[in-house]
Amino acid sequence: MTTPQFDDFSHESHMHEAFELAREAAARGDEPLGSVLVHDDTIIMTESNRVRTETDIRRHPELHLAYRACREYDADERVEIVMYTSTEPCPMCAGGMATGRFGRVVYSVESDEIAAFTGNELAVRSAEILAGVSDVVGPLLNEEGRQIHQEYDW
């Protein structure tokens, strides 16, 4: 197996898709969170937050994508996948993503920035949970990602 060339991916394009999904979630009545999975620089799965509209605390986009990816791709395929997510994953999602074992996770807005909007400080950052499992990169397009949260009525 060759090492994927994640640095050559269209990072901004993929993050913009995650932003669109976050905006769709907010318009639907969910918190503004969106994520995509990318293999060979092509989006293969998308999810947006559906916690409120599905009445399911597990419907964070990162966790649901990890679940779906584990069902549809084997471990060797998942290490070649990058997750782009509008917001740094919470500990619950990062735990699920650790099981998924993606090659890389790229986020826009850091968890401490979200805490400033929500008042909920996280006890542990996703990079700590994913250490040794997935490369965690961020923030990417932070100002644009923050704007989505500023427009949302937290």
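Residues numbered from 1 in each chain as written. Predicted model: local features only at pLDDT ≥ 70, side-chain atom pairs only at ≥ 80, totals over all residues. Heavy atoms only, no water.

Observations concerning the overall build of the protein chain
Heads up, the rule is: Runs of H or I in DSSP of at least four residues are treated as helices and runs of E of at least two as strands, each being numbered from the N terminus. Radius of gyration: over C-alpha atoms. The globule rule applied is 2.2 Å multiplied by the number of residues raised to the 0.38 power. Throughout, a contact is declared for two residues whenever any of their heavy atoms are within 4.5 Å. Only the protein chains shown count as cover for residues, and the accessible areas themselves come from Shrake-Rupley with a 1.4 Å probe.
Each helix and strand counted, the protein chain has 7 helices and 5 strands in total. Across the protein chain, helices and strands are ordered from the amino to the carboxyl terminus as α-β-β-α-α-β-α-β-α-α-β-α. A compact globule built from 154 residues should have a C-alpha radius of gyration of about 15 Å, and the protein chain, at 14 Å, falls within 12% of that. Dimensions of the protein chain along its principal axes, counting C-alpha atoms only, are 45 × 30 × 30 Å. By sequence separation, contacts in the protein chain at least 24 residues apart represent 63% of the contacts at least 6 residues apart. Counting every atom, the protein chain has about 7500 Å² of accessible surface; 45% of that belongs to carbon and sulfur.

So, the sheet that holds strand 3 (residues 81-87)
Using the following cut-off: The pairing criterion for strands is at least two bridges between them, as found by DSSP. Angles run from 0 to 180 degrees between N-to-C directions of axes, and those axes are lines fitted to C-alpha atoms, restricted for helices to the stretch in contact.
Across the sheet, 5 strands lie side by side as 2-1-3-4-5; this open sheet has mixed pairing. Pairing within the sheet leaves two strands with one partner each, and these edge strands are strand 2 (42-48) and strand 5 (135-137). This sheet shows a mean twist of 20 degrees between the axes of neighbouring strands, independent of strand direction. In the sheet, strand 3 pairs with strand 4 (residues 104-109) via 5 bridges, with the strands oriented parallel. When the sheet's bridge partners are listed, Tyr84 is paired in strand 4 with Val106. The strands touched by helix 2 (residues 61-72) within the sheet are strand 1 (34-39), strand 2 and strand 3, with strand 2 carrying the most contacts at an inclination of about 130 degrees.

Here we look at unusual backbone geometry
The bulk of non-glycine residues show a negative phi, and the bulk of peptide bonds are trans. To keep it simple, the criterion reads: Accessibility here uses a 1.4 Å probe with only protein chains present; expressed as a share of the type maximum, an area under 20% marks a residue as buried, one over 50% as exposed, and anything in between as partly exposed.
A cis geometry characterises the amide bond from Gly138 onward to Pro139, with omega recorded as 5 degrees. Note on placement: Pro139 falls in the loop between strand 5 and helix 7 (142-151). In this model, Thr55 sits at a positive phi of 50 degrees, which is unusual for a non-glycine residue. In this fold, Thr55 is placed in the loop between strand 2 and helix 2. Assessed through its relative accessible area of 72%, Thr55 is described here as exposed.

Focus on the packing of aromatic side chains
Filter applied, for reference: Two aromatic rings from Phe, Tyr or Trp, using only the six-membered ring of Trp, form a pair when their centres are within 6.5 Å; if the ring planes differ by under 30 degrees the pair is stacked, by over 60 it is edge-to-face, and anything between is tilted.
Using the criterion set out here, one finds 2 aromatic pairs in the structure. Between Phe6 and Phe9, the ring centres sit 5.6 Å apart and the planes meet at 80 degrees, which makes this aromatic pair edge-to-face. What makes Phe9 buried here is its relative accessible area of 11%. On the basis of an interplanar angle of 70 degrees and a centroid distance of 4.9 Å, the ring pair of Tyr152 and Trp154 is categorised as edge-to-face.

What about the packing of helix 5 (residues 111-118) against helix 7?
The angle between the axes and the distance between the axes are what describe a pair of packed helices. We count it as follows: Note on terminology: angles under 35 degrees are roughly parallel, angles over 145 are roughly antiparallel, angles of 65 to 115 are roughly perpendicular, and the others are oblique. Put simply, a crossing is left-handed when the front helix is turned counterclockwise from the back one by less than a right angle, and right-handed when it is turned clockwise. Each residue is assigned to one of three groups, with Ala, Val, Leu, Ile, Met, Phe, Trp, Tyr, Cys and Pro labelled nonpolar, Asp, Glu, Lys and Arg labelled charged, and all others, Gly among them, labelled polar.
At their nearest, the axes of helix 5 and helix 7 sit 11 Å apart, and the two run at 20 degrees to each other. With respect to their mutual orientation, helix 5 and helix 7 come out roughly parallel. Note on packing geometry: the crossing formed by helix 5 with helix 7 is right-handed. Of the residues in helix 7, those touching helix 5 at Glu113, Ile114 and Phe117 are Asn142, Arg146, His149 and Gln150. Class assignment of the residues belonging to the contact of helix 5 with helix 7 gives a composition of 2 nonpolar, 3 polar and 2 charged.

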